[in-house]
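If you want the building blocks of each chain, they are given just below.
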Amino acid sequence: MKLKTTALLGAAALALMAGSASAADLACLITKNNTNPFFVKMKEGAEAAAAAAGLDFQAYAGEKDGDAAPQITAIENCVAAGAKGILITASNDSVAPALKDARAAGILVIALDTPIADPEAQDMTFATDNFEAGILIGKWAAATLGAEAANAKIAMLNINKDNISVDVQRNTGFLTGFGITVPDLSVMDSEDDPRVIGHESSDANPEGGLRAMETLLAKDPDINVVYTINEPAAEGAYQALKNAGKEGQAIIVSVDGGCPGVASVQSGVIGATSQQYPLLMASKGIEAIAAFAKDGTKPAASDGLTFFNTGVNLVTDKPAEGVTSIDSTKGTELCWG
């Protein structure tokens, strides 16, 4: 099936890749943006799987994390087009009412990577175990510091302050893995451990990571552990440390496992990253839509979980005792972007 590029909803800052859809077999993908390699690979996986399944395909993307208005418009357009299924990486939970309307219209809704707080807004989530991803980098950082973990000075670079599920799970997972008590795992910044210097928003991009790290270094110039929501934010944090003459002072850990991030592990910029698999999330999501379109079958959660787990591996070239990991060579074989 030949897919073509179509401009749609420019005023809403959406990017659309569309085929000549028929209402009976249309699948939609809606991502947070179309520039992050994670979402680029997700679209590639969904597009290829849709072609293989004989589904028509439309992909929409907002401009940045946290901007839900274009996603809501995209959901409404998919409903109007008679889509059989919607895959979405939600910018925040304000998309929930539109998704509930989509489900009420008989559309299968699958959240990718980022679960939506309202369980009625999605039929299933296909995702990394983001809490486990955070646990892995937290354990690695603590094991790497050894006894000095008790005196750590930790910078926390999140997406924003909206308490998006993926943001919360990675953040609290890291702290838990590091050995810091988190009283409320449903929100960020509930801990009162003095080792946490502060939480700042990075917008999950290099510019935001630079800005957030500069803010935290001004608060405490001796920060020696940096948690980042993703590898683009880690890139910005590293640049801030370098600009301040503190290159090599801090361990930087992250989540994503994109090819640029794995390369940063190889070069020593990032100490360890938890690798997830966006192509698999999207391709499995499309397969679920195809099954639903055929006979109404809905996807099931992985054993013991409330979501379909697409896997995670810790990637580091400095393995730590008691923390299972793969090296950057293997990580490069599995990476994306």
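Residues numbered from 1 in each chain as written. Predicted model: local features only at pLDDT ≥ 70, side-chain atom pairs only at ≥ 80, totals over all residues. Heavy atoms only, no water.

## Quick look at the packing of helix 6 (residues 206-219) against helix 7 (residues 231-243)
With their axes 6 Å apart at the nearest point, helix 6 and helix 7 run at an angle of 45° to one another. Judged by the angle between their axes, helix 6 and helix 7 are oblique. As for how helix 6 packs across helix 7, the hand of that crossing is right-handed. Across from P206, G209, L210, M213, E214 and L217 in helix 6, the residues of helix 7 making contact are P232, A233, E235, G236, A237, Q239, A240, L241 and N243. For the contact of helix 6 with helix 7, the per-class residue count stands at 9 nonpolar, 4 polar and 2 charged. (Axes fitted to C-alpha atoms, helices over the stretch in contact; angles between N-to-C directions. Helix = DSSP H or I, 4+ residues; strand = E, 2+ residues; numbered from the N terminus. Parallel < 35°, antiparallel > 145°, perpendicular 65-115°, else oblique. Left-handed = near helix turned anticlockwise from the far one by under 90°. Contact = heavy atoms within 4.5 Å. Nonpolar A, V, L, I, M, F, W, Y, C, P; charged D, E, K, R; others polar.)

## What to know about the nonpolar core
Ranked by internal contacts, the top residues of the largest apolar core, which has 32 residues, are W140, I154, F174, F178 and V253. Mapped by element, the contributors of at least two residues to this core are helix 4 (130-145), strand 8 (154-158), helix 5 (165-178), strand 10 (225-228) and strand 11 (251-256). In terms of residue count, the dominant contributor to this core is helix 4 (7 residues). Those residues in contact with F174 that sit more than four places away from it in its chain are G134, I135, I137, G138, A141, I154, M156, V225, Y227 and V253. Formed by 24 residues, the second largest nonpolar core is a distinct cluster that contains A46, F57, M281 and F292. (Core = buried A, V, L, I, M, F, W, Y, C linked by side-chain atoms within 4.5 Å. Buried < 20%, exposed > 50% of the residue type's maximum accessible area, 1.4 Å probe, protein only.)

## A few points about the packing of aromatic side chains
Aromatic rings considered in pairs are described by the distance between their centres and by the relative angle of their planes. Scanning the entire structure with this criterion turns up 5 aromatic pairs. Consider the rings of F38 and W336, whose centres lie 5.2 Å apart with planes at 70°: the pair is edge-to-face. Of this pair, F38 sits in helix 1 (residues 37-53) while W336 sits in the segment after helix 10 (328-334); the two residues are 298 residues apart in sequence, bridging distant segments of the chain. An identical accessibility class is assigned to F38 and W336; each is buried. (Phe/Tyr/Trp six-rings, centres within 6.5 Å; stacked < 30°, edge-to-face > 60°.)

## Let's talk about the sheet that holds strand 10
Taken in spatial order, the 6 strands of this open sheet run 9-8-10-11-12-14, and their pairing is mixed. The open sheet has two edge strands, strand 9 (196-201) and strand 14 (313-315), and neither has a second partner. When strand polarity is set aside, the average angle formed by the axes of neighbouring strands in this sheet is 15°. In this fold helix 4 packs onto strand 10, strand 11, strand 12 (272-275) and strand 14, with an angle of close to 165° to the strand it touches most, strand 11. Lying over the sheet, helix 7 contacts strand 8, strand 10, strand 11 and strand 12, oriented at roughly 160° with respect to strand 11. (Pairing = 2+ DSSP bridges.)

## Notes on the side chain of N130
Residue position: N130 is located in helix 4. A distance of 2.8 Å separates a polar atom in the side chain of N130 from a polar atom in the side chain of R170. (Polar contact = N/O pair within 3.5 Å; in protein donor to acceptor, adjacent residues only side chain to side chain.)

## A short note on the packing of helix 4 against helix 5
The contact between helix 4 and helix 5 brings their axes to 6 Å, and the two run at 30°. By the angle between their axes, helix 4 is roughly parallel relative to helix 5. In this structure, helix 4 crosses over helix 5, and the sense of that crossing is right-handed. Contacts between helix 4 and helix 5 involve N130, F131, G134, I135, I137, G138, K139, A141, A142 and L145 from the former and V166, Q169, R170, T172, G173, F174, T176, G177 and F178 from the latter.

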